[in-house]
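The primary structure of each chain is shown beneath.
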Amino acid sequence: MCSAAVRVLLVEDNVDNQFLFNAFVKKLDCKMDVAENGAVGVEKFKSGSYDLVIMDLQMPVMDGYTATQIIRQWEKENCRQQTPIVALTANAVQEMVEKCLARGCTAYITKPVSRDTFIGIITQYAERER
Amino acid sequence: MIPSDNGGPAGVILVHVDANLENLIPRFLDNRRDDVAAMEQALAQNDFETIKSLAHGLKGCGGGFGFDEISRIGVTLEQAAKAKDRAEIQKSLGRLTQYLTIVEIVYD
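Residues numbered from 1 in each chain as written. Chains lettered and ligands numbered in written order. Predicted model: local features only at pLDDT ≥ 70, side-chain atom pairs only at ≥ 80, totals over all residues. Heavy atoms only, no water.

Enquirer: Please give an account of the overall build of chain B that cites residues and values.
Expert: In terms of helices and strands, chain B carries four helices and two strands. Across chain B, helices and strands are ordered from the amino to the carboxyl terminus as β-α-α-α-α-β. Scaling as 2.2 N^0.38, a compact globule of 108 residues should have a C-alpha radius of gyration of about 13 Å, and chain B matches this with 14 Å. Its C-alpha atoms put chain B at 40 × 25 × 20 Å along the principal axes. Looking at the 108 residues of chain B, the share that counts as buried comes to 45%. Considering only residue pairs separated by 6 or more positions, chain B has 60% of its internal contacts joining residues 24 or more positions apart. For chain B, the exposed surface amounts to about 5300 Å²; the carbon and sulfur share of it is 50%. (Helix = DSSP H or I, 4+ residues; strand = E, 2+ residues; numbered from the N terminus. Rg over C-alpha atoms; globule rule 2.2 N^0.38 Å. Buried < 20%, exposed > 50% of the residue type's maximum accessible area, 1.4 Å probe, protein only. Contact = heavy atoms within 4.5 Å. Areas by Shrake-Rupley, 256 points an atom, 1.4 Å probe, with all protein chains shown as cover.)

As structure tokens, this is what we get:
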């Protein structure tokens, strides 16, 4: 289960989902920062320290594919271990899945997302890194 | 009116929502009413991209809050917007408006 030190970066433009996912982790004492698009997500990732990134794919300004690619390149250039990036998509068609994995996503989940699925992702990926 | 298929009074749709989300629901439903207004306006301007984008949002968030029907309507609306199918868009917006009018929430 999610413990106090687990740090999650949520990159998601949908305000309702931002509130929803914050409500999901509220009782778990999990620190989750929110970025409203890929560009903000990349900057937060570079300046922060996260166990897991949850990345929406379709966003304004910069989409999740591009943000993931930039994060992976930055990790490589800075000799960092890869942080798990779990993609959020409302279109789980094969082409999109292959594209997000090719850009460096670790896994993907399909929106809408239930509480159990969201917590399961944090447990599976973030805790594994600690 | 849509008949109840979930044990509620006739003409009402009962939706069971996690009590931990109770304070988020009024705003969530208000935002969906805003979506309907925005999509109606977009349809009047033949702005199918805006409808597609808003429908995509409906699809991605409805079920997470417990409103599976909103996600289903989002799927239909997104496809209709891609096909520029005005009749289906109008029909789905009517379906969403009616749903938002008659939905009743049980927090548990």
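Enquirer: Quick one: what's the story with the interface of chain A and chain B, residue by residue and with numbers?
Expert: Between chain A and chain B, the contact holds 16 residues from the first and 18 residues from the second. Where chain A abuts chain B, roughly 1300 Å² becomes buried across the two surfaces, and 56% of that area is made up of carbon and sulfur atoms. Joining chain A to chain B, the criterion identifies one salt bridge. For A:Asp16, the salt bridge goes to B:Arg32, with nearest N and O atoms at 3.0 Å. Our count for the contact surface shared by chain A and chain B stands at seven residue pairs in polar contact (both at pLDDT 80 or more). Looking at which element gives the most residues to the side of chain A that touches chain B, the answer is helix H1 (residues 15-26) of chain A, with seven residues. When its residues are assigned to classes, the side of chain A that touches chain B shows eight nonpolar, four polar and four charged. (Buried area = accessible area lost by both parts, 1.4 Å probe. Salt bridge = Lys/Arg side-chain N within 4 Å of Asp/Glu carboxyl O. Polar contact = N/O pair within 3.5 Å; in protein donor to acceptor, adjacent residues only side chain to side chain. Nonpolar A, V, L, I, M, F, W, Y, C, P; charged D, E, K, R; others polar.)

Enquirer: Lay out the pattern of salt bridges in plain terms, naming residues and giving numbers.
Expert: Where charged atoms of side chains with opposite charge meet at close range, the side chains can pair. For the coordinates displayed, the defined rule picks out 12 salt bridges over all chains. Residue A:Lys111 pairs with A:Glu12 through a salt bridge whose shortest N-O separation is 3.3 Å. Of this pair, A:Lys111 sits in the loop between strand E5 (107-110) and helix H5 (115-126) while A:Glu12 sits in the loop between strand E1 (7-11) and H1, and the two are 99 residues apart along the sequence. A:Glu12 matches A:Lys111 in its accessibility class, with the two residues each being buried. Among the ionic pairs, B:Lys59 bridges to B:Glu78, the shortest N-O distance being 2.6 Å. You can see B:Lys59 sitting in helix H2 (residues 48-65) and its partner B:Glu78 sitting in helix H3 (residues 68-82), a full 19 residues away along the chain. The pair formed by B:Lys59 and B:Glu78 is uniform in burial state, with each residue classed as buried. Residues participating in the shared-partner salt-bridge network are A:Glu12, A:Asp56 and A:Lys111.

Enquirer: Mind laying out the layout of surface pockets, listing which residues take part and the relevant values?
Expert: The volume enclosed by the largest pocket comes to roughly 500 Å³. In terms of lining, the largest pocket is formed by 25 residues, of which the most central are A:Asp13, B:Ser53, B:Leu54, B:His56 and B:Gly57. Those elements that place two or more of their residues in the lining of the largest pocket are H1 of chain A together with helix H1 (25-44), H2 and H3 of chain B. By residue number, the principal contributor to the lining of the largest pocket is H2(B), which donates eight residues. In terms of residue class, the lining of the largest pocket is made up of six nonpolar, eight polar and 11 charged. (1 Å grid on protein atoms, 1.4 Å probe; cavity = no way out; pocket = protein on both sides within 12 Å on 5 of 7 lines; lining within 4 Å. Points joined across faces, edges and corners; volume = space filled by probe spheres on them.)

Enquirer: Go over empty space enclosed by the protein, please, and point to the residues and values.
Expert: Evaluated as defined, the whole model comprises one cavity of 30 Å³ or more. Within this model, the largest cavity holds a volume of roughly 40 Å³. Along its surface, the largest cavity is lined by A:Ala23, A:Phe24, A:Lys26, A:Lys27, A:Arg115, B:Asp18, B:Asn20 and B:Leu21. The greatest single-element share of the lining of the largest cavity, amounting to three residues, is contributed by H1(A). Classifying every residue of the lining of the largest cavity by side-chain character gives three nonpolar, one polar and four charged.

Enquirer: Before we move on, could you go through the packing of aromatic side chains and cite the residues and values that matter?
Expert: A complete count under the given rule lists six aromatic pairs over all chains for this structure. Seen from their ring centres, B:Phe28 and B:Phe65 are 4.2 Å apart, and the 25° between their planes marks the pair as stacked. Placement of the pair is B:Phe28 in helix H1 and B:Phe65 in helix H2, with a sequence separation of 37 residues. In this structure an aromatic cluster arises from ring pairing among A:Phe21, A:Phe24 and A:Phe118. A:Lys99 extends its terminal NZ or CZ atom over the ring of A:Tyr65, reaching a point 4.2 Å from the ring centre. The positively charged end of B:Arg32 is found above the aromatic ring belonging to B:Phe28, 4.7 Å away from the centroid. (Phe/Tyr/Trp six-rings, centres within 6.5 Å; stacked < 30°, edge-to-face > 60°. Lys NZ or Arg CZ within 6 Å of the ring centre and 35° of its normal.)

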